[in-house]
Amino acid sequence: MESKELLLSVKELAVSYRTSEEIVRAVNGVSFSVNRKETLGLVGETGAGKTTIAKAIMSILPDPPASVDGGEILFEENDLLHMPEKEIRKIRGKKISMIFQDPMTALNPVFTVGDQIAEGIRIHENVSRKESEERAKAMLEMVGIPSSRYGEYPHQFSGGMKQRVVIAIALSCNPELLIADEPTTALDVTIQAQVLEMIGNLKEQMGTAMILITHDLGIVAEVCDNVAVVYAGEIVEMGSKEDLFDRPAHPYTNGLFAALPSLAGDQKRLKPIKGLTPNPANLPEGCKFWPRCPYATEECRQENPGLREIGPGHFSRCTRKSQEGC
Amino acid sequence: MERLLEVQHLKKYFKTPGGMLHAVDDVSFHIEKGKTVGIVGESGCGKSTLGRTLIHLLESTDGKIYFHGEDITHVDKHKLRKLREHMQIIFQDPFSSLNPRMTTVETIEEPLRLTGRYGKEEIRELTRKMMETVGLDERLYHAYPHELDGGRRQRIGIARALILNPEFVVCDEPVSALDVSIQAQILNLMQDLQEERNFTYVFITHDLSVVRHISDEICVMYLGQMIEKCGAKELFENPLHPYTKALLSAIPIPDIHVKRNRIILKGEITSPVEPKPGCRFAARCPYCREECSIPQSLQDMGEGHMVACGRVKEINR
């Protein structure tokens, strides 16, 4: 096996959104790392803070209302949080790039798709207009769109094709790290299969590392090497794909698995997680999952358990001694 | 078993500048009382249009709809109002399907008030009971939709649809906008209510694991046509149509030990505007031959497993 080389490490990241009425604590002390060529899955439900983490790494949080309250984001050993905007611009879109969830709104409707791909290449690679055009055409072919469609506008493409264009833009400068935020959520399942296969192949060819944000555990099982489960702005469980799928430890992770309808169709009733995700403007004291946890004790209500290593590289934020029978 | 609803050769076309859009094109099926029929397909396959046509939110272009054996294809306004008490719909998006200026209690009780058959006290009592049934807290009586999260809003949509005790409910992607933990709560609720009150559901969704879980029978649609129909278990264990096979193989499964042969389809869904005669899936089908250019109709492959594919026997040998 190849030796692992650290690419990105996020340490104790905390982000909040401040409005005149309230402070929304979106990310509360999140730490993880991504090695070169590896894929990390960030899993969680709406409002868990997944997209905020991604935007913090890209340095595209809208400030105000967002404010980074602490932590470090080390990319190739430089802290992105304390880098002047001028330096970040050299990294964003070049070394780190992002695929957004909704291809319908991620593209500019008044520019041709070709120009939108070429723009990034021209800015980052210091090449002539003509060369950037040629490379953009090659990118289109790579994502399975005939280069003859270079001069067409986004509205002339279907959803799946638009997402391919967004992927072409993201990969046009051979990034080291690709952040894919729900890249297939807006797509139909047969198109999703096409796009996921394509992302996988391109990633393999280019040796790109990836952070894949999703709520779909099926996609995680297929695409990721490592997984972090995010709940209320904290990582509640993290480990290899095998750890998470074969030995899930945290009650929330177990709850997510239990709530899924199975294709085998052997269950009569689903087992939902009771209650609702907490309001991030008013998070519970102690463990953030206790109001919904079937195993909550008095201790859980008072103290937030830190992440504990329960197996090599497998972390869980739960104090339960015996994780059996979860 | 009583046939509650039956449609025969139902068509719904829309006029567009490019020609006629065949949203629903010659669909026939029936539903027995107390059962759930799932309708699956990808965006643009006509599943929502079908659901809306069934309950007269859209007028059909051609074909027949029978409810309790009575032809309801063309009914006047007066009759339609009566029918609506028995046929309701739960919409996909709990964010846009509720009136933002009405409180929880106003939204839920409105159908009762409109019938003119209930007194004030009765309405209050029935509404309170319904809220309890769907798991809405008493303190949310006077809350407006913007104060509530998606799961609670969807409960309001369900409560409003079910308060008149309709026999037949079209559920149009009722859990697609919800997180899995909440989705499970809502699906359980809908199943409980069905058991308790013998509701009949048409469940429209693009989520195959959800439809597997909730349906007795499943219809697969592609570009306005029904291409496969059979029991839920049978469909997942023994899909026969090439599109169904590809569709099922494309679902990501949350299990790292399952190895599957994924069928990746070429291209995307073609246009439903003035479609050519013949199999509509032909352009993407790995088994397409010349003979596929003639129209395909559903044929029974045994025990009610209906498939619209001329080469089905060869493919599944």
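Residues numbered from 1 in each chain as written. Chains lettered and ligands numbered in written order. Predicted model: local features only at pLDDT ≥ 70, side-chain atom pairs only at ≥ 80, totals over all residues.

### A look at the sheet that holds strand 2 (residues 23-35) of chain A
Residue and element names in this part refer to chain A. As a reminder, the rule being used: Two strands make a pair as long as DSSP finds a minimum of two bridges between them. Note on conventions: DSSP H or I runs of at least 4 residues are helices, E runs of at least 2 residues are strands, and numbering of each starts at the N terminus.
The 4 strands are arranged 2-1-4-5 in an open sheet whose pairing can be described as antiparallel. On the outer flanks of this sheet lie strand 2 and strand 5 (78-79), each paired with one strand and no other. Examined bridge by bridge, strand 1 (residues 6-18) and strand 2 share 10 bridges and lie antiparallel to one another. Among the inter-strand pairings, Ser 9 is bridged to a residue of strand 2, identified as Ser 33.

### Concerning the sheet that holds strand 5 (residues 70-71) of chain B
One open sheet accounts for 4 strands, arranged 2-1-4-5 (chain B); its pairing is antiparallel. Edge strands, defined here as strands with exactly one partner in the open sheet, are strand 2 (19-32) and strand 5 of chain B.

### Regarding the domain arrangement of chain A
Residues and elements named next belong to chain A. Stated formally: Segmentation of the chain into domains, including their bounds, is taken from an automatic or database domain assignment. Two residues qualify as being in contact provided that their C-beta atoms, derived from the backbone, are within 7 Å of each other. Only Asp, Glu, Lys and Arg are considered charged, only Ala, Val, Leu, Ile, Met, Phe, Trp, Tyr, Cys and Pro nonpolar, and every remaining residue, Gly among them, polar.
What the domain assignment reports for chain A is domain 1 (6-95 + 175-274) and domain 2 (107-174). A straight line from the C-alpha centre of domain 1 to that of domain 2 covers 26 Å. Taken together, the 14 residues of domain 1 in the interface contact 14 residues of domain 2. Among the elements that take part in the side of domain 1 that touches domain 2, helix 7 (residues 189-206) stands out by supplying 7 residues, more than any other. Tallied by class, the residues present in the side of domain 1 that touches domain 2 amount to 11 nonpolar, 2 polar and 1 charged.

### Observations regarding the nonpolar core
Formally: A set of buried Ala, Val, Leu, Ile, Met, Phe, Trp, Tyr and Cys residues, joined to one another through C-beta atoms within 7 Å, is what we call a nonpolar core. Three exposure classes are used, all based on how many other C-beta atoms lie within 10 Å of a residue's own C-beta (placed from the backbone): buried at 20 or more, exposed at 12 or fewer, and partly exposed between those limits.
By size, the foremost hydrophobic cluster in this structure holds 171 residues, and its most contacted members are Ile 179 of chain A together with Ala 159 and Val 202 of chain B. Of the residues forming this core, the biggest block, 8 residues, is contributed by helix 6 (residues 159-171) of chain A. Each of domain 1 (6-95 + 175-274) and domain 2 (107-174) of chain A accounts for three or more of the residues forming this core. Residue contacts for Ala 159 of chain B: discarding those within four places in its chain leaves Ile 108, Met 130, Met 131, Val 134 and Leu 136 of chain B.

### Details of the confidence of the model for chain B
Parts of the model with low pLDDT should not have their predicted coordinates read in detail. Residue and element names in this part refer to chain B. Where we set the bar: Per-residue confidence from the prediction method is given by pLDDT, with values spanning 0 to 100.
Residues at a pLDDT of 70 or more form 100% of chain B, whose mean pLDDT is 91. Mean pLDDT across the secondary structure elements of chain B bottoms out at helix 10 (residues 312-315), with 89, and peaks at strand 3 (residues 36-40), with 96. Complex prediction metrics read pTM 0.86 and ipTM 0.81.

### Let's talk about unusual backbone geometry
The amide bond that connects Asp 63 of chain A to the next residue, Pro 64 of chain A, takes the cis arrangement and shows omega of -10°. Within the secondary structure, Pro 64 of chain A is located in the loop between helix 1 (50-58) and strand 4 (66-75). Following Pro 64 of chain A, the chain continues to Pro 65 of chain A via a peptide bond in cis, the omega torsion being 5°. Mapped onto the elements, Pro 65 of chain A comes out in the loop between helix 1 and strand 4. Phi is positive for Asn 126 of chain A, which is not a glycine, with a value near 55°. One can find Asn 126 of chain A in the loop between helix 4 (113-125) and helix 5 (129-142). In this structure, Glu 303 of chain B is a non-glycine residue whose phi angle is positive, near 55°.

### Structural notes on the interface of chain A and chain B
Interfaces are often described in size by the accessible area the parts lose on coming together. Contacts between the two partners involve 37 residues from chain A, matched on the other side by 33 residues from chain B. If you list the elements that add at least two residues to the side of chain A that touches chain B, you get helix 7, helix 8 (217-223), helix 9 (241-246) and helix 10 (251-259) of chain A. Broken down by element, the residue count for the side of chain A that touches chain B peaks at 7 residues, all from helix 7 of chain A.

### As for the packing of helix 4 of chain A against helix 5 of chain A
Residue and element names in this part refer to chain A. Quick reminder of the rule: For helices, the fitted axis covers only the stretch in contact; all axes are lines through C-alpha atoms, and the angles between them, taken along N-to-C directions, range from 0 to 180 degrees. Just so you know how the angles are binned, under 35 degrees is roughly parallel, over 145 roughly antiparallel, 65 to 115 roughly perpendicular, and the rest oblique. The handedness criterion is simple: a crossing whose near helix is rotated anticlockwise from the far helix by less than a right angle is left-handed, and one whose near helix is rotated clockwise is right-handed.
Their axes nearest at 8 Å, the elements helix 4 and helix 5 cross at an angle of 120°. Of the possible angle classes, the one that applies to helix 4 and helix 5 is oblique. Handedness of the helix 4/helix 5 crossing: right-handed. Each of Gly 114, Ile 117, Ala 118, Ile 121 and Arg 122 in helix 4 lies in contact with helix 5, whose residues at this interface are Arg 129, Ser 132, Glu 133, Arg 135, Ala 136, Met 139 and Leu 140. For the contact of helix 4 with helix 5, a count of residues per class yields 6 nonpolar, 2 polar and 4 charged.

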